[in-house]
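Analysis of the macromolecular model
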Amino acid sequence: MHSPPENNDHLRPILGIVFTALVVRILFLLAMPRVLDTADAIHYVETAAHLAAGDFWGYDPKIPVFYPLLGALANLFIADMEWACRSVSFIASVLTVIPVFLLARDLHGARAARVAGLIVAYWPWLADYACRVSTEATAVFLWLSALWLFTRAMRQGGWPCWLAPLAWFALTLTRAEGLFIALCTLPGALLLGWRTEPGSGKRYSLMAAVFAGLVLLNTLYVRQLTGETTANYRVGFILTEFDYVRFVQTTVQSFSDVLPVMLGPLLFLFLGVGFFQPRERTRDSRLEWVVLLFATAQWTVSLFVLSPAPRYLMTTLIVLILWSACGVVLVADQLKPHRLAPWIGRLPLTAVLLFFLLHGAITVGSEHLGRRPREPREYKDAGRWMAEHLTPGLIFTRKPQVGYYANMPSTGPAPDDTLESALARARDAGAAYFVVDERYTAAMVPGLRPLLGDEPPPPGLTRLNVVDSYPESRVVIYGLTPVGEVAPP
């Protein structure tokens, strides 16, 4: 039987780490103005609005429902739905340090747990996503919590046997890959010692039965919602867009670009120490292999999204940070014997946290140094202007955020559209307004780039306003005159 961690007095350090995470995220939130930065963010807010209104059948079924459901619940206390959804990400990001601490403690001991918790509390990537309308922070919290509950349930039983399947199920309703990660519990149970840990087989059977029952109920719900019998409606759309070349490119970029950038040089160095440096504490090899199994599964399934975006690898990299934290402790122990400078043992962790603070300062500073903002604030400015000055109508634009903030429907061009074909497409759709932007349209639909200039527009378009508040973020709003009508002077 695996013995419990040597230090059960962990409430005080956890509270301290949670408070640190809270402060860091508040500073990020205050320092960086926020807008909806993706089309998915709009879908999450719209789905949350459906659920808040009691409509459980009229939302887009491709949107995983758990995050919008939490947003709808937060809307009971926060009137603005965008900020209600953002608050869910914020709380989940703060609470993520708790399962990080618990997993690191079981793997590497109490000291490594405190170091891992502090590293994740200061990690700029997770702090940034705490302030976004997105599923990432919520999925990371559920993923790590479910894994810790599962490993604890397999070895000690008790209440984690009931919470683990609930956490796995919540993850399946948050991210499309959640179901595949949950299925790794079977090999994980075998690695943890199904036959050697007394009662582990019964405990796993209980968790599997609860999880299967929840998945079955969700399958019945999805069938009523979509007419299809599936436990994972969104994954079908991901697989239909699969491309072998992009899969290989994503794999290479994930290893060569995203991994070193997100971890940084110091954590990458300490990661090697944590994996390979001998230590006095007996290693729990079974648990290490199980945690790495889930991290590898997450990395593998994320490749099918065909994007090396950091958000898809966040959970895997937090798992690697657990070993980096162990490396920090091992190096600190080797530095402590210096009698002339006893404080030198604190240098490894201090260096990591200072590096993160520098990274965060650069990220925040770039928002206030006259550069193009990281999030498309110009879309919000353009949309709000349209809402205040124009009659509602269909907007023809590459990105839907303009329509969201204008409270108007929108449609958009195809990437290979010329100016003539885009105008024809807009008229066929019945668009009243034609909006082009410098951030994305100029790159994704080059045929529309001429509309960003100050030259007279082609016949049928009337320039209504130019939003030029930020560098390299120009937005031009046109009125679109139907065929046969004369444009106003």
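Shown above is the structure to which this text applies.
Read on for an overview of the structure. (Residues numbered from 1 in each chain as written. Predicted model: local features only at pLDDT ≥ 70, side-chain atom pairs only at ≥ 80, totals over all residues. Heavy atoms only, no water.)

Here we take up a nonpolar patch on the surface. Among the surface-exposed residues, Phe19, Leu22, Val23, Ile26, Leu27 and Leu30 lie close enough to one another that they form a single nonpolar patch of about 570 Å² accessible area. A relative accessible area of 69% places Leu30 in the exposed class. (Patch = residues over 30% accessible without salt bridge, like charges linked within 9 Å, V, L, I, M, F, W, Y side chains within 5 Å. Areas by Shrake-Rupley, 256 points an atom, 1.4 Å probe, with all protein chains shown as cover. Salt bridge = Lys/Arg side-chain N within 4 Å of Asp/Glu carboxyl O. Buried < 20%, exposed > 50% of the residue type's maximum accessible area, 1.4 Å probe, protein only.)

The next thing to look at is the state of the cysteines. Counted according to the given criterion, the structure contains 0 disulfides. Sulfur of Cys131: no disulfide; nearest cysteine sulfur belongs to Cys85 and is 14 Å away. (Disulfide = S-S within 2.5 Å.)

Let's shift gears to the nonpolar core. Ile119, Trp123, Phe150, Trp168, Phe294 and Leu317 are the most contacted members of the largest nonpolar core, which has 97 residues in total. It is helix α16 (residues 314–335) that provides the largest number of residues to this core, a total of 14 residues. If near-sequence neighbours (up to four positions away) are discounted, Leu317 is found in contact with Trp123, Leu259, Met262, Leu263 and Trp299. By size, the runner-up hydrophobic cluster in this structure holds 18 residues, among which are Phe396, Ala442, Val445 and Leu448. (Core = buried A, V, L, I, M, F, W, Y, C linked by side-chain atoms within 4.5 Å. Helix = DSSP H or I, 4+ residues; strand = E, 2+ residues; numbered from the N terminus. Contact = heavy atoms within 4.5 Å.)

Per the stated rule, a full pass over the model turns up 14 aromatic pairs. Taking the centre distance of 6.4 Å and the plane angle of 45 degrees together, the rings of Trp148 and Trp159 count as tilted. Of this pair, Trp148 sits in helix α8 (residues 136–156) while Trp159 sits in the loop between α8 and α9 (160–172); the two residues are 11 residues apart in sequence, bridging distant segments of the chain. Judged by centre distance (5.0 Å) and plane angle (80 degrees), the ring pair of Tyr404 and Tyr405 falls under edge-to-face. A residue is classified by how much of its surface remains accessible, and Tyr404, at 25% relative accessible area, is partly exposed. We classify Tyr405 as buried; its relative accessible area is 6%. Feature note: the residues Trp143, Phe150, Trp168, Tyr204 and Phe294 constitute an aromatic cluster, connected by ring pairs. (Phe/Tyr/Trp six-rings, centres within 6.5 Å; stacked < 30°, edge-to-face > 60°.)

Among the secondary structure elements, Cys131 is positioned in the loop between α7 (124–129) and α8. Through-space distance from the C-alpha of Cys131 to that of Ile26 is 8.8 Å; in sequence the pair is 105 residues apart. Discounting residues that sit within four places of it in the chain, Cys131 has contacts with Arg25, Phe28, Leu29, Arg34 and Arg86.

All right, on to helix α17 (residues 347–365) then. Between its first and last C-alpha, α17 extends 26 Å over 19 residues, near the 27 Å set by a 1.5 Å rise per residue. All buried positions along α17 are accounted for by Pro348, Leu349, Val352, Leu353, Phe356, Gly360, Thr363 and Val364. Each buried residue of α17 sits inside an arc of 145 degrees when the element is viewed along its axis, so together they form one side. Away from its buried face by more than 90 degrees, α17 exposes Leu354, Leu358 and Ile362. Against α1 (11–31), α6 (110–122), α7, α14 (244–276) and α16 lie the buried residues of α17. (Expected span 1.5 Å × (residues − 1). Arc of directions from axis to C-beta.)

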